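Each chain, written out:
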Amino acid sequence: MSFCMVLTTCDSQEAAQSLGACLVEAKLAACAQLHPVQSIYSWKGEIHKDPEIRLIIKTRESLYPKVEGFIREHHSYEVPQVVKIPITGGLPAYLEWIEENTLE
């Protein structure tokens with residue numbers, strides 16, 4: 001069984017909580033952690049400096065396409081950050097917990 005983390009950002013705590021909760025309730029993720037960040041980025045030729053909420057989503061590697069699709073469908077950004085980071089190791093009991101709390 002392979003696992004990964006998916007990173008995305010939202011423009012508000014409420015949007016991030018809603019997205020994370022929906023992913024967990026749908027069993028597309030075992031966990032979604034929210035962290036406030038300050039983002040500096042270029043968008044449509046302008047430099048932006050905005051507060052955002054980063055989600056770190058823990059899931060099965062096999063569910064990544066569904067997680068990506070869910071984020072794209074439910075996200076308010078035109079081009080949301082969706083980045084997959086493979087989990088190459090971890091506490092076996094924690095990885096089992098991810099497996100038990102996500103879809104097969």
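Preceding this section is the structure that the text describes.
Here the structure is a predicted model, which means the values were calculated and not measured. (Residues numbered from 1 in each chain as written. Predicted model: local features only at pLDDT ≥ 70, side-chain atom pairs only at ≥ 80, totals over all residues. Heavy atoms only, no water.)

Mind showing me how you'd approach the overall build of the protein here?
When you go through the protein residue by residue, the secondary structure sums to 3 helices and 4 strands. Tracing the protein from N to C terminus, the helices and strands come up as β-α-β-β-α-β-α. Taken over the C-alpha trace, the protein has a radius of gyration of 14 Å; the compact-globule value for 104 residues is 13 Å, and the two agree within 12%. Summing over all exposed atoms, the protein offers an accessible surface of approximately 6,300 Å²; the carbon and sulfur share of this is 53%. (Helix = DSSP H or I, 4+ residues; strand = E, 2+ residues; numbered from the N terminus. Rg over C-alpha atoms; globule rule 2.2 N^0.38 Å. Areas by Shrake-Rupley, 256 points an atom, 1.4 Å probe, with all protein chains shown as cover.)

How should I be thinking about the sheet that holds strand β3 (residues 46-60) in this particular structure?
Within a sheet, neighbouring strands are paired by backbone hydrogen bonds and run either parallel or antiparallel to one another. A sheet is described by the order of its strands in space; here 4 strands give the open sequence β2-β3-β1-β4, paired in antiparallel fashion. Where the open sheet ends on each side, the last strands, each with one partner, are β2 (31-43) and β4 (83-87). Shown here is a sheet whose adjacent strand axes are inclined to one another by a mean of 30 degrees, direction ignored. Summarising the sheet, β2 and β3 pair through 13 bridges and their orientation is antiparallel. Within β3, the position partnered with V37 by the bridge is E52. This element, helix α3 (residues 92-100), spans β1 (3-10), β2, β3 and β4 of the sheet and lies at about 90 degrees to β3. (Pairing = 2+ DSSP bridges. Axes fitted to C-alpha atoms, helices over the stretch in contact; angles between N-to-C directions. Contact = heavy atoms within 4.5 Å.)

Would you explain the environment of M1 in this entry?
Considering the arrangement of structural elements, one finds M1 in the segment before β1. As for M1 and R60, which are separated by 59 residues in sequence, their C-alpha atoms are 7.6 Å apart. Sequence-distant contacts of M1, that is, excluding residues within four places in its chain, are made with R60 and E99.

Looking at this structure, I do not really get the packing of aromatic side chains. What am I missing?
Each aromatic ring pair is specified by the distance between its two centres and by the angle formed by the two planes. Tallied over the entire structure, the rule returns 1 aromatic pair. Directly above the aromatic system of Y64 lies the positively charged group of K84, at a separation of 5.1 Å from the ring centroid. (Phe/Tyr/Trp six-rings, centres within 6.5 Å; stacked < 30°, edge-to-face > 60°. Lys NZ or Arg CZ within 6 Å of the ring centre and 35° of its normal.)

I'm lost on the side chain of T59 in this one. Help?
With respect to the secondary-structure elements, T59 resides in strand β3. Residues contacting T59, with those up to four places away along its chain left out, are F3, C4, V6, L28, A29, V67, I98 and T102.

Whenever I open this one, unusual backbone geometry confuses me. Can you help?
Negative phi values dominate among residues other than glycine, just as trans dominates among peptide bonds. In this structure, K27 is a non-glycine residue whose phi angle is positive, near 60 degrees. Counting through the fold element by element, K27 comes out in the loop between α1 (13-25) and β2. Even without a glycine there, the phi angle at K44 is positive, about 55 degrees. In this structure, K44 sits in the loop between β2 and β3. According to the relative accessible area criterion, K44 is exposed, its value standing at 61%. (Buried < 20%, exposed > 50% of the residue type's maximum accessible area, 1.4 Å probe, protein only.)

Is there a simple way to explain the pattern of salt bridges in this structure?
When their charged atoms lie close together, side chains carrying opposite charge are able to pair. The tally for this structure, following the rule as stated, stands at 2 salt bridges. Of the charged contacts, one joins E78 and K44 as a salt bridge, the two residues approaching to 3.2 Å between their closest N and O atoms. Separated by 34 residues along the polypeptide, E78 in the loop between α2 (64-74) and β4 and K44 in the loop between β2 and β3 bring together distant segments of the chain. Here the two residues E78 and K44 agree in accessibility, since each one is exposed. Residue E61 pairs with K84 through a salt bridge whose shortest N-O separation is 2.7 Å. (Salt bridge = Lys/Arg side-chain N within 4 Å of Asp/Glu carboxyl O.)

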